[in-house]
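Reading the structure
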Amino acid sequence: EEETYVRANAREARQAIVLSTGYDDSSSDSVIASTVSILEPLSPGIRTVAESLNVEHALLFKAAKNASIVHTFQISSNLLVQEAQDPGVNELTYAITSNKVEGTLVSTRVDNAPPGALSYSDAAKSLLDHDVNLVGVLRDDEEVHVRFGDLNMLDGDRLLYVSTDRHDWPTIRSFLPQ
């Protein structure tokens, strides 16, 4: 209802988290997708993180312009299998996503990448000197890279790293080879 969005001050919101209506509700993903589609015109530029229960419902969210879709059951299923194969993965995942340890999983967008070709292998080595553990790169909001090889830094990439601090791009940039 419109009153719900008014109470939430949706027109002024910069971010929204939209949770499922219930894990036993088969229409939950449809409700979530429609909520995301209502929020975007109300607050252009809003960044939405939406929970989806079924990865097969990804099509429902295709029209979303600035939304991250978290497939809750897929992530938990993957983690269960990973923990069965590699004990300790669950505890580390919990720790770096919950602030349980000094250090958490964070991201920073590359803006004005260093001139020339800077490989992520070289960047990762330099960042470690500052207790920034680069674990992945998100390119074009969909390509995830965890092996850096000859992958070079580009504007718009998103660095995913474990650190005690959330660093802005100028700070990260200052940690890189000049």
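What you see is a predicted model, and the numbers here were worked out from it, not measured in a lab. (Residues numbered from 1 in each chain as written. Predicted model: local features only at pLDDT ≥ 70, side-chain atom pairs only at ≥ 80, totals over all residues. Heavy atoms only, no water.)

Looking now at the pairing of strand β5 (residues 133-139). The element β5 is extensively covered by neighbouring structure, given that 5 of its 7 residues are classed as buried. As paired strands, β5 and strand β7 (residues 158-163) are joined by 5 bridges and run antiparallel to one another. By the bridge assignment, Val137 is partnered in β7 with Leu159. Direction of pairing for β5 relative to strand β6 (residues 143-145): antiparallel, over a ladder of 3 bridges. Across the sheet, the residue bridging to Leu138 is Val144, located in β6. Counting the residues that bridge the hairpin from β5 to β6 gives 3 residues, and of these Asp140 lies at a positive phi of roughly 55 degrees. (Buried < 20%, exposed > 50% of the residue type's maximum accessible area, 1.4 Å probe, protein only. Helix = DSSP H or I, 4+ residues; strand = E, 2+ residues; numbered from the N terminus. Pairing = 2+ DSSP bridges.)

We now examine the environment of Pro41. Note that Pro41 resides in helix α2 (residues 28-42). For Pro41 and Arg11, which are 30 residues apart along the polypeptide, the C-alpha to C-alpha distance reads 8.7 Å.

Looking now at the nonpolar core. With 20 residues, the main nonpolar core has Tyr120, Leu134, Met153, Leu159 and Ile172 as its most contacted residues. Of all the secondary-structure elements, those providing two or more residues to this core are α5 (120-128), β5, β7 and α6 (169-175). When residues of this core are assigned to their parent elements, the largest contribution, 4 residues, is made by α5. Those residues in contact with Leu134 that lie beyond four places of it in its chain are Tyr120, Ala124, Leu127, Phe148, Leu159, Leu160 and Tyr161. Among the nonpolar cores identified, the runner-up in size contains 12 residues, and Ala10, Ala16, Ala33 and Ala50 belong to it. (Core = buried A, V, L, I, M, F, W, Y, C linked by side-chain atoms within 4.5 Å. Contact = heavy atoms within 4.5 Å.)

Right, let's get into unusual backbone geometry. Backbone phi values are negative for most residues with the exception of glycine, while trans is the configuration of most peptide bonds. Residue Asp140 is not a glycine yet carries a positive backbone phi of 55 degrees. With respect to the helices, strands and loops of the structure, Asp140 is situated in the loop between β5 and β6. Positive phi is not limited to glycine here, since Asp141 has a value of about 60 degrees. Residue placement: Asp141 occurs in the loop between β5 and β6.

Take the side chain of Ser52 next. Secondary-structure assignment places Ser52 in strand β2 (residues 47-52). Residue class for Ser52 comes out buried when judged on its relative accessible area of 0%. In this structure the side chain of Ser52 is engaged in a polar contact, spanning 3.1 Å, whose partner is the side chain of Asp29. Within polar-contact distance, the side chain of Ser52 engages the backbone oxygen of Asn54 at 3.3 Å. In this view, Ser52 contacts Asp29, Phe61, Ile69, Val70, His71 and Thr72; residues no more than four positions away in its chain are not counted. (Polar contact = N/O pair within 3.5 Å; in protein donor to acceptor, adjacent residues only side chain to side chain.)

Once that is clear, we can look at the sheet that holds strand β3 (residues 67-71). Pairing in this open sheet of 3 strands is parallel, and the strands run β1-β2-β3 from one edge to the other. Each of the sheet's edge strands pairs with one partner strand only, and the pair in question is β1 (15-18) and β3. Here the strands of the sheet are splayed against their neighbours by 15 degrees on average, with no regard to which way each runs. By the bridge criterion, 5 bridges tie β2 to β3 in an arrangement that is parallel. Among the inter-strand pairings, Ala50 is bridged to a residue of β3, identified as Ile69. Lying on the sheet, α2 is in contact with β1, β2 and β3; it crosses β2 at an angle near 175 degrees. Set on the sheet, helix α3 (residues 72-85) makes contact with β2 and β3; between it and β3 the angle comes to about 50 degrees. (Axes fitted to C-alpha atoms, helices over the stretch in contact; angles between N-to-C directions.)

Honestly, it's all geometry; don't read function into it.
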